[in-house]
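# Residue-level structure breakdown
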Amino acid sequence: IFFRGRSKHRLFLKMNGMSHIKNDIDMASNTSYLVEHGLPGLLNELVEAVISDKPSDALSYCCQFLENKKNVKLLGQSVLGMASGKPSSKKALSPFEIFGKHVFQGATADQYLKPYGMTSADLKDPSWTRTKSDEVAAAVLEWAKANGATVYTHWFQPLGSSGVRPGQTGQVHNNMFVFGSDGNVHWDFDGKTLLKGETDGSSYPNGGLRATHTAGGYTVLDPTSPIFLRDDTVYIPSCFVTWHGHSMDEKTPLLRAQQAMSKQGIRLMNHLGYSIKSLNAMIGLEQEFFLIPREAYYKRMDLQMTGRTVMGKLPARGQEMSDHYMASINRIALAMMQDVQNAAYCMGIPLRTRHREVAPNQYECAPMFGVAQSQIDQNLMVMTIIDEIAAEHGLAALFNEKPFAGVNGSGKHNNWSLGTDSGVNLFNPTQLTKATGKAEIFPIVMAAVVRALDVHGDMMRMAIASPGNDFRLGACEAPPAIISTFLGDDMTSYLEEFMNTGVAKEYSPKVKTMGCGVDAIADFTVPAEDRNRTSPFPYGGNRFEFRAVGSTQNVSMVNTVLCALVADSFKAFSEEIEKGTAPIKVAQDALKKHWRVIFNGNGYSDEWPKEAVKRGLFKFDSGVDAIARLEEPKNIELFKSLDIMTPDETAARATVMFNQYIMTVDMEAKCMIDMIKQSIIPVAKTNGLSLSALNDAVKIIQEKLEAMEKAGSEKASAAIARELRFETMEKARAACDAAESELPADQWPIATYKDLLFLDTHHADSM
């Protein structure tokens, strides 16, 4: 132990900048120094145990202290080989040792719940919030103390946060202790504190639901998503509502939609002779992002302010050679991603995949499947971790859907399935038929999904109308802005036969055996269906994949919509069955009426948009037009009838989405003006280039900004903003890029695409 031998004592002091403390001073006299300089309480207890000559206690405290990565860093960067930013000196942490240590569930929670007569299984029943909140709070407090945490926050998801708010969450940090009148500090954290917090609701985007004189906002614990810990703070996933109970967040409608989908799913399954207790939307999110040199990032006002480059001449090389996809990960990015994985593992986030993507400097990570609300919480934290750890490695992470012109943008594929309380996946035909003994249930469920997509495809398009997504949808890098589903020829033929005959056969996904033509390599099996990456919502065998989702999005609205539209179909089917129609007949009629939404062809072809219009499918090239669909009576009624959102809540979301689009374009346009006037024009003038095109660009952008301000409504202003973005600013960009082509490279004042995009061609140990 550090404090017994003089040499080790001296080493510890040196590592922590305390070498001025003399070796021969009794360690007891230095305890106050340690407290004064902020070292965690466990370390002080360790010191006291050594002084009192209680080695077993000292060892226990030491082990607890070293379990916390933050504390290890306090002991010096050389401990456990964890020197920050130096890949060559990293020592990999084992997920078998660290996974879930900082999430209050499973074995971790059991250890602290046991003294109160509870187990982690009790946390799965939300009734603990009404009967055992003090006990759980006490256990959480002990867990926090053991991990050096002294702060808690009710962690919620304000509206309109995607792409602008750091971490996309709201959080007020409060101490888990109070300062007593006796001059001492006392722990103070009970059930009431755990369950609810309060903040100002008027200062968040709220669509008119709050005002300064009616500002009450309340955070309420969500028991369906686990409490977790990071650094010195306990995070309590929460909903955010007004004094009237209106939702001002992304999470509350999702939980309501899950509830509605479960209710209607149980109802339909009962009619089909299959008894279930609950139904959950299960998702897996594939997160794409860019990593660029932070030094170059600091030379781009547009990237810092908006996450997107509003100008930039394309370099001689891009992604033409398809040489980036799945290539080896350079050491800088790899070290950063390893740190991200370790941080995620501690919080119980099951990141499984990491790889390079199609564009230069583009990456992806993906977790295992899980319940939608918990997966979304974890995705928001993963984005936060990536952003913060990238900075520690001299990088900047970009989540914008289209940060660079001329190369692929980023998405967040939302893999989606429906799971029962017993773990049966309704989209897995083999598993479902085995569990129920009824072959007809699977095609009936699939018919309900087909109906849902056709009736409410406009809401699916609305759900992906993030400000950056218009740049990538249908651009041969993401599915088109037409809502359809790819089922594959095999599944399509199966459903077509069911539709025409009414005979339900067991569906067995076909496979085929292939070889490589090399005797030494064993044959292998592959699905009978190929992959269709041009469909926005393909069936991939046991799941659907919503491929059109934007990378920067909080996908709560996406999954709220998916749950809502399927709940509506389950409800419609049940109502027909309750009127006396046979379940198979209900499904047959639905397939016949909504078959048009099935498309197995090339979504990138020139013919498909024309064909889609002929079929009468929803097609919205403009995200602004898609947002406006929230105000349609059928969609207001959809959310109202299922108790997901009131008409006021739905209208508020439309307002927030319009305003987010408007302000995003406003920031981009103002960045462009500043960059032209402050950086490009001075250099162009010095080098004798004509300034007319640049001056004209500034003038017309300013005129469009003024027109946006004078528009009579949010929708009208957003429509002008889209025109400014896709027409006016693109012409201005052409003038800027032309100037970049003419000016000497050493005089161009902002970081170029070459500076930003080609970290991946160098494998240096550090920036």
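First, a word on what this report is: a plain description of the structure on this page. (Residues numbered from 1 in each chain as written. Predicted model: local features only at pLDDT ≥ 70, side-chain atom pairs only at ≥ 80, totals over all residues. Heavy atoms only, no water.)

Peptide bonds are trans in most cases, and residues, glycine excluded, mostly fall at negative phi. Although it is not a glycine, Ser-322 sits at a positive phi angle of roughly 50°. Along the chain, Ser-322 falls in the loop between helix 13 (301–306) and helix 14 (331–346). Ser-322 sits in the exposed class, given a relative accessible area of 59%. (Helix = DSSP H or I, 4+ residues; strand = E, 2+ residues; numbered from the N terminus. Buried < 20%, exposed > 50% of the residue type's maximum accessible area, 1.4 Å probe, protein only.)

According to the stated counting rule, one finds 28 aromatic pairs in the structure shown. Summarising the aromatic geometry, the rings of Phe-599 and Trp-608 are spaced 3.6 Å apart at their centres and angled 5° between planes, so their arrangement reads as stacked. One aromatic cluster is present, formed by Trp-416, Phe-427, Phe-537, Tyr-539, Phe-544 and Phe-546 through successive ring pairs. Above the plane of the ring of Phe-726 lies Arg-722, whose end atom (NZ or CZ) is 4.4 Å from the centre. Note that Arg-725 overlies the ring of Tyr-661, its terminal NZ or CZ placed 5.5 Å from the centroid. (Phe/Tyr/Trp six-rings, centres within 6.5 Å; stacked < 30°, edge-to-face > 60°. Lys NZ or Arg CZ within 6 Å of the ring centre and 35° of its normal.)

On to the environment of Gln-660. For Gln-660, the location among the structural elements is in helix 24 (residues 647–686). Sequence separation of Gln-660 and Ser-162 is 498 residues, and the distance between their C-alpha atoms is 8.8 Å. Apart from the residues lying within four places of it in its own chain, the contact partners of Gln-660 are Gly-160, Ser-161, Ser-162, Val-164 and Pro-467. (Contact = heavy atoms within 4.5 Å.)

Here we come to the packing of helix 19 (residues 556–578) against helix 20 (residues 583–594). Between helix 19 and helix 20, the least distance of the axes is 9 Å, while the angle of their chain directions is 130°. Here helix 19 lies oblique to helix 20, going by the angle between them. In this structure, helix 19 meets helix 20 at a crossing whose hand is right-handed. The segment helix 19 lies against helix 20, with Phe-573, Glu-576 and Ile-577 engaging Pro-583, Val-586, Ala-587 and Ala-590. Residues of the contact of helix 19 with helix 20, tallied by class, amount to six nonpolar, no polar and one charged. (Axes fitted to C-alpha atoms, helices over the stretch in contact; angles between N-to-C directions. Parallel < 35°, antiparallel > 145°, perpendicular 65-115°, else oblique. Left-handed = near helix turned anticlockwise from the far one by under 90°. Nonpolar A, V, L, I, M, F, W, Y, C, P; charged D, E, K, R; others polar.)

This part covers the pattern of salt bridges. Counted by the stated rule, this structure contains 26 salt bridges. A salt bridge links Glu-649 to Arg-256; the nearest nitrogen and oxygen atoms lie 2.9 Å apart. Residue Glu-649 is found in helix 24, and its partner Arg-256 is found in helix 11 (residues 251–271); the two are separated by 393 residues along the sequence. By relative accessible area, which is 1% here, Glu-649 ends up buried. The partner of Arg-267 in a salt bridge is Glu-578, with the nearest N and O atoms 2.8 Å apart. Taken together, the residues span a long stretch of sequence, with Arg-267 in helix 11 and Glu-578 in helix 19 at a distance of 311 residues. The class of Glu-578 is partly exposed, set by a relative accessible area of 46%. Put simply, Asp-222, Lys-251 and Asp-377 are held in one network by salt bridges that share partners. (Salt bridge = Lys/Arg side-chain N within 4 Å of Asp/Glu carboxyl O.)

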